[in-house]
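Listed below, chain by chain, are the residues.
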Amino acid sequence: MAISFGPAGDDGDEDGVMSSINTTPLVDVMLVLLIIFLITIPVVTHTVPLQLPKEANQPTITQPGNVTIAVDHHGKVWWNEESLAGRPDLAARLDTAAARTPQPEIHIRGDKDAAYEHVGRVLAAAQRAGITKVSFITEPPPR
């Protein structure tokens, strides 16, 4: 067993220093990562497309013909601070308001503890009556 310290090439050995880098493993790893990212990104960003409301504080412009409908936490409905007997009374008043020219704006004020069902019934009744301008009155959040 002989040890040679001289330049290679005398006996055909190829123990010399390589001056190139093998990039095949690097390319393989990058392609695998690319495929993994292409598969997982659509899954991560899959959500229901919604336009979320932006917080805005617009002063309410009260006009004489506007109607304010309030729904308290028990589901009782009020028409301009006057208590209504029930849904038929609300429907009759909304039909009368829809027949007026120009049609009044309906402002719905729902208590924060009121079930959505009660506010939804008022909104559905306004839609059935043919009211075209309905808005919700809220208070701005504390700063």
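Use the structure listed above.
Just so it is clear, the model here is predicted, and its values are computed rather than measured. (Residues numbered from 1 in each chain as written. Predicted model: local features only at pLDDT ≥ 70, side-chain atom pairs only at ≥ 80, totals over all residues. Heavy atoms only, no water.)

### Let's talk about the pairing of strand 1 (residues 67–71)
Looking along a regular strand, one sees side chains alternate from face to face of the sheet.
Here is step 1 of the chain: Extensive coverage of strand 1 is indicated by the burial of four of its five residues.
Here is step 2 of the chain: The pairing of strand 1 with strand 4 (residues 106–110) spans five bridges and is parallel. Bridge assignment links Val67 to a residue of strand 4, and that residue is Ile106.
Here is step 3 of the chain: By the bridge criterion, three bridges tie strand 1 to strand 2 (residues 77–79) in an arrangement that is antiparallel. When the sheet's bridge partners are listed, Ile69 is paired in strand 2 with Trp79.
Here is step 4 of the chain: Connecting strand 1 to the next strand, strand 2, in antiparallel fashion are five residues, including Gly75 with a positive phi near 95°. (Buried < 20%, exposed > 50% of the residue type's maximum accessible area, 1.4 Å probe, protein only. Helix = DSSP H or I, 4+ residues; strand = E, 2+ residues; numbered from the N terminus. Pairing = 2+ DSSP bridges.)

### Quick word on the sheet that holds strand 2
Here is step 1 of the chain: Read from one edge to the other, the open sheet built from five strands follows the order 3-2-1-4-5, with strand pairing classed as mixed. Each edge of the open sheet is held by one strand with a lone partner, namely strand 3 (82–83) and strand 5 (134–136).
Here is step 2 of the chain: This element, helix 2 (residues 87–99), spans strand 1, strand 2, strand 3 and strand 4 of the sheet and lies at about 35° to strand 2. (Contact = heavy atoms within 4.5 Å. Axes fitted to C-alpha atoms, helices over the stretch in contact; angles between N-to-C directions.)

### Focus: helix 3 (residues 116–129)
Here is step 1 of the chain: If you check helix 3, its first and last C-alpha atoms are 20 Å apart, about what 14 residues at 1.5 Å a residue would give, namely 20 Å.
Here is step 2 of the chain: Among the residues of helix 3, Val119, Val122, Ala125, Ala126 and Ala129 are the ones counted as buried. Buried positions in helix 3, seen along its axis, are confined to an arc of 120° and lie on one side of it. Away from its buried face, by an angle of more than 90 degrees, helix 3 presents the exposed residues Tyr116, Gln127 and Arg128.
Here is step 3 of the chain: Buried residues along helix 3 sit in contact with strand 1, strand 2, helix 2, strand 4 and strand 5.
Here is step 4 of the chain: Looking at the residues trailing helix 3, positive phi occurs at Gly130, about 95°. (Expected span 1.5 Å × (residues − 1). Arc of directions from axis to C-beta.)

### Side note on a nonpolar patch on the surface
Here is step 1 of the chain: Nonpolar side chains collect at one region of the surface, where Leu26, Val29, Met30, Val32, Leu33, Ile36, Phe37 and Ile41 lie side by side and expose about 750 Å² of accessible area between them.
Here is step 2 of the chain: Its location among the elements puts Phe37 in helix 1 (residues 24–44). (Patch = residues over 30% accessible without salt bridge, like charges linked within 9 Å, V, L, I, M, F, W, Y side chains within 5 Å. Areas by Shrake-Rupley, 256 points an atom, 1.4 Å probe, with all protein chains shown as cover. Salt bridge = Lys/Arg side-chain N within 4 Å of Asp/Glu carboxyl O.)

### Focus on the environment of Leu123
Here is step 1 of the chain: Residue placement: Leu123 occurs in helix 3.
Here is step 2 of the chain: The spatial distance from the C-alpha of Leu123 to the C-alpha of Ser135 is 9.6 Å, given a sequence separation of twelve residues.
Here is step 3 of the chain: Beyond its immediate sequence surroundings of up to four residues, Leu123 is in contact with Ile108, Val134 and Phe136.

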